[in-house]
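Spelled out from the first residue to the last, the chains are:
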Amino acid sequence: MRPEKGTYPEYYGQYIPLVNQEDVNLALTRNWEDLQNFISSIPKEMEDYAYAPGKWTIKQVIMHLVDTERIFAYRALRFARRDAQQPLSFEENDYAANAELSERTLEDILQEFETVRKATLSLFKGFSPGTLLNAGNTAIGKTTVLAIGFLTCGHAIHHMNVIKDRYLKK
């Protein structure tokens with residue numbers, strides 16, 4: 001089951017269609033396999049590379065995926081449990097600037113990402129089909145738990161594509 005248009009904010013429409021799978025748990029699993037293979041293939045000498053002044057480094061982009069997945073999973077949990085309070089938004093550039101990555105390797109960040117993805121998978125496996133349709137409000141509009149799962153994958157695909165096109169293309 002895929003999220004239908006109208007069950008998530010229009011902005012998510014740039015991410016959700018990037019996901020090929022029809023099942024959220026399969027999507028999260030396959031997406032992790034792709035992420036793990038891709039991140040592991042990034043040359044060590046490129047970890048701290050930014051393609052232009054003021055742009056994030058590759059490590060910052062990957063850490064952004066980790067941070068964002070944690071936040072998305074938290075929102076999914078709240079909506080699944082029918083928490084009516086709207087979660088606050090977050091400022092991604094502040095997160096990137098304050099991630100303290102200078103002493104961390106991409107391999108270390110990948111290990112953290114694996115832990116986060118396993119937790120996300122565990123969370124989504126516990127949701128019934130009905131729970132996946134529960135909705136809540138975000139700062140940009142109403143969304144379902146299901147849409148958040150697909151958003152998690154699509155957001156990661158988007159950033160893998162950015163790394164391929166802007167950081168690694170030579």
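Scroll up to find the structure.
Let us look at the structure shown here. For every chain, the first residue of the written sequence is number 1, and numbering continues from 1 along that sequence. It should be noted that, the model being predicted, local features are given only for residues of pLDDT at least 70 and side-chain atom pairs only at 80 or more, the latter also being counted only at that level, while totals for whole chains, interfaces and linings use all residues. Neither water nor hydrogens contribute to the side-chain values; these are computed over all heavy atoms in the structure.

Some remarks on the packing of helix α1 (residues 24-41) against helix α4 (residues 106-125)
Each packed pair of helices is defined by two parameters, the angle between the axes and the distance between the axes.
Stage number 1. Two elements in contact, α1 and α4, have axes separated by 10 Å at closest approach and are oriented at 175°. Viewed along their axes, α1 and α4 adopt a mutual orientation that is roughly antiparallel. Counting all contacts with α1, which are made through Val24, Asn25, Leu28, Thr29, Asn31, Trp32, Leu35, Gln36, Ile39 and Ser40, the residues of α4 involved are Leu106, Leu110, Phe113, Glu114, Arg117, Thr120, Leu121, Phe124 and Lys125.
Stage number 2. Considered class by class, the residues forming the contact of α1 with α4 number 10 nonpolar, 6 polar and 3 charged. The angle between two axes is taken between their N-to-C directions and runs from 0 to 180 degrees, where each axis is a line fitted to C-alpha atoms and a helix contributes only its stretch in contact. Labels follow the DSSP assignment, with helices taken as runs of H or I lasting at least four residues and strands as runs of E lasting at least two, numbered in each case from the N terminus. Note that the term roughly parallel is reserved for angles under 35 degrees, roughly antiparallel for angles over 145, roughly perpendicular for angles of 65 to 115, and oblique for everything else. The contact criterion used is simple: two residues touch if any of their non-hydrogen atoms lie within 4.5 Å. For this classification, Asp, Glu, Lys and Arg are treated as charged, while Ala, Val, Leu, Ile, Met, Phe, Trp, Tyr, Cys and Pro are nonpolar and the rest, including Gly, are polar.

As for the environment of isoleucine 140
Stage number 1. Secondary-structure assignment places isoleucine 140 in the loop between β1 (135-138) and β2 (141-144).
Stage number 2. Between the C-alpha atoms of isoleucine 140 and serine 89, which are 51 residues apart in sequence, the distance is 8.9 Å.
Stage number 3. Not counting residues within four places of it along the chain, the set of residues in contact with isoleucine 140 comprises Pro9, Tyr11 and Tyr12.

A look at the packing of aromatic side chains
Stage number 1. Aromatic pairs are defined between Phe, Tyr and Trp rings, using the six-membered ring for Trp, whenever the two ring centres lie within 6.5 Å; interplanar angles under 30 degrees are classed as stacked, those over 60 as edge-to-face, and all others as tilted. This structure, assessed with the given rule, holds 6 aromatic pairs.
Stage number 2. Where tryptophan 32 meets phenylalanine 113, the ring centres are 5.2 Å apart and the plane angle is 70°; that geometry is what we call edge-to-face. Linking tryptophan 32 in helix α1 with phenylalanine 113 in helix α4, this pair joins segments that are 81 residues apart in sequence. Side by side, tryptophan 32 and phenylalanine 113 carry an identical accessibility label, which is buried. Buried means the residue's accessible area, taken with a 1.4 Å probe over protein chains only, is under 20% of the maximum for its type, while exposed means over 50%, and partly exposed covers the values in between.

Comments concerning the side chain of glutamate 69
Stage number 1. By secondary structure assignment, the location of glutamate 69 is in helix α2 (residues 58-80).
Stage number 2. Definition of a polar contact: a pair of N or O atoms within 3.5 Å, with one able to donate and the other able to accept a hydrogen when the atoms are protein atoms, and with sequence-neighbouring residues admitted only if both atoms are side-chain atoms. Polar side-chain contacts of glutamate 69 include one of 2.8 Å to the side chain of arginine 117.
Stage number 3. Setting aside chain neighbours within four positions, we find glutamate 69 in contact with Phe113, Val116, Arg117, Thr120 and Thr152.

Purely geometric stuff here, so don't read any function into it on its own.
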